Amino acid sequence: MPAPFDLPFVQRAVVEIVLLAVGSGILGTWIVLRGLSFYAHAVGTAAFPGLVLADGLGFSPLLGALATAGLVAIGVTAIAARGRAEYDSATALVLVGALAAGVILASDVFHSQASVERMLFGSLLVIGSTDQVVAAAVGVAVLLAGALLGRRWLAAGFDRDSARALGARSALPDFVLLALVAACAVAALDAIGALLSTALLVVPAATTRLVVDRLRPWQAATVALVLVEGVAGLWISVEVNAPPGATIAVVGGAVFAATALARGAHLRLGTATS
Amino acid sequence: MTDALLEVADLAAGYGGEPVLRDVAFTARPGQRIAVLGPNGGGKTTLFRALLGELTPSAGTLERPARIGVVPQTERSRLDFPVSALDVALMGTLSTLPWWRRPSRADRARARQALADVGLAERVDATFGDLSGGQRQRVLVARALVQDAPVLLLDEPYVGLDTPSAALLDRLLLDLAASGRALLIATHDVEQARDWERVLCLNRRQIAFGAPDDVLTRETLALTYGTELVELPAGDRCVLPGHHAHDHGAA
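Residues numbered from 1 in each chain as written. Chains lettered and ligands numbered in written order. Predicted model: local features only at pLDDT ≥ 70, side-chain atom pairs only at ≥ 80, totals over all residues.

Undergrad: For this particular structure, what's the right way to read the overall build of chain B?
TA: Within chain B, the secondary structure is distributed over eight helices and eleven strands. Expressed as a percentage of its 251 residues, the buried residues of chain B come to 42%. Taking all contacts inside chain B whose residues are at least 6 apart in sequence as the whole, residues at least 24 apart take part in 69%. (Helix = DSSP H or I, 4+ residues; strand = E, 2+ residues; numbered from the N terminus. Buried ≥ 20, exposed ≤ 12 C-beta atoms within 10 Å, placed from the backbone. Contact = placed C-beta atoms within 7 Å.)

Undergrad: Any chance you could explain the overall build of chain A here in plain terms?
TA: Helices and strands together make up the secondary structure of chain A, namely 14 helices and zero strands. Secondary structure of chain A in N-to-C order comes out as α-α-α-α-α-α-α-α-α-α-α-α-α-α. Each principal axis of the C-alpha distribution contributes one length, and for chain A these read about 65 × 55 × 30 Å. Classification of the 274 residues of chain A by burial places 49% in the buried group. Restricting the contact set of chain A to residue pairs at least 6 apart, pairs at least 24 apart contribute 74%.

Undergrad: Would you mind showing me how to read unusual backbone geometry here?
TA: A negative phi angle is the norm for most residues apart from glycine, just as the trans form is the norm for most peptide bonds. The phi torsion at N241(A) lies on the positive side, around 55°, for a residue other than glycine. Here N241(A) is to be found in the loop between α13 (215-240) and α14 (244-273). One non-glycine residue, D23(B), adopts positive backbone phi at about 60°. The residue D23(B) is located in strand β2 (residues 19-28) in this model.

Undergrad: What should I look at first to understand the sheet that holds strand β8 (residues 198-202) of chain B in this one?
TA: In a beta sheet, neighbouring strands are held together by backbone hydrogen bonds and run either parallel or antiparallel to one another. Residue and element names in this part refer to chain B. Reading across the sheet, the six strands line up as β5-β6-β7-β3-β8-β9 and stay open at both edges, with mixed pairing between neighbours. Edge positions in the sheet fall to β5 (68-71) and β9 (206-210), since each has one partner strand and no second. Ignoring which end each strand starts from, the neighbouring axes of this sheet average 15° apart. Set on the sheet, helix α4 (residues 133-146) makes contact with β5 and β6 (151-155); between it and β5 the angle comes to about 170°. Running at roughly 140° to β9, helix α8 (residues 218-225) makes contact with β3 (33-37), β8 and β9 of the sheet. (Pairing = 2+ DSSP bridges. Axes fitted to C-alpha atoms, helices over the stretch in contact; angles between N-to-C directions.)

Structure below.
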């Protein structure tokens, strides 16, 4: 085992990555499939007012973030269900509201110098057991919900009008999906931060989508890729003394770029030889 | 009459304000292929949405079976989805299984059979987006078969099909009707409608409903399509320019 992995805090970080990989890998495929990337990015960021409140009033930041992200999920579902607005527009509306509330709370109410940087970029090397319990709980919830509701998520994304005609009412299952993405983004907050949560939730799934064309193998491949990118990023970050969240994001981006380039070259080669 | 699968009386429906479709009254019986004719904006989609229960009628009554199958235009499906033909056909079980149940071995066998019934036994595992337009259309019909719906709504199923695919679909629709189902088929093809059992003409209201010979007169078509209609020089026939009239049945 390479030297950094002998350190207890690095081992805790690895366990956190393993636990997060299940939830974020599987959810990542649904996020890409259902066009929820912007929502996945925004829901972590929108937890800002909850974190400011928690900091100012002295309760658990995790609770503050979970509550705010839950409200965001409810808000986006309600707006998207009422009008014909797509999730992106609804997300933008709710995100602006949440960020404005957070800024006002931070600057005018609590005058907090809340650990904004930590929230935005995470700190994988100071993971506590609560973070691990939350990550494990999200992973189990994602597995369970995917088994029960996956067919409805798939049918609604494939063709929303027909899904309704098939009797697959999508409002409640879709809300569960949004709520799980919110919970997973919050679970990843301490590890990788709000601004970088898509490095776990979107980028690996988008990468594996380039090479896998069936749902189950895609999900398995994405969980594996989150794991590999997470551990590789962590190892590099310890070796070169870089922030782990950002390093994982860079690794994810590089793997995506390499995969996209390789696929492009492969397709061009196929066209040229056929 | 008791054998009606679908009974619509004095139906009006819309999207909140004035109804965009009114005075609709017709009956669909087993074995009938019903052409739903009308200009774009004439109310075909509104009628289908009302029949599916997505729109609450603002007037009139609607007696419908518990399950109505819908075969949308395939362009409305996500062609980049990582699903096989079998996965799509299995979506038909969503209306027959409780939400916590997954399809059983028997359900999967039924979905395979439905794909075989539409002539796609060999393409069960093909990715939906890789299939031709006609094959995708038939996968969606298979999904409606798995749903086991006695009434099927088909939204311009012939659009974009080449002649062999259109002939296959003709055969399939005939078989579906022969098995006791009623089919409502939105189309712009007046000539094709002459081969079916009933014709329903809509132009923001019901213009006519009945057997093709009674309904497809110059007067009714003029009321249905207005100035869009072009009369052919030879006799009573009329055509619609600009719509996707394929050469189905011309040979």
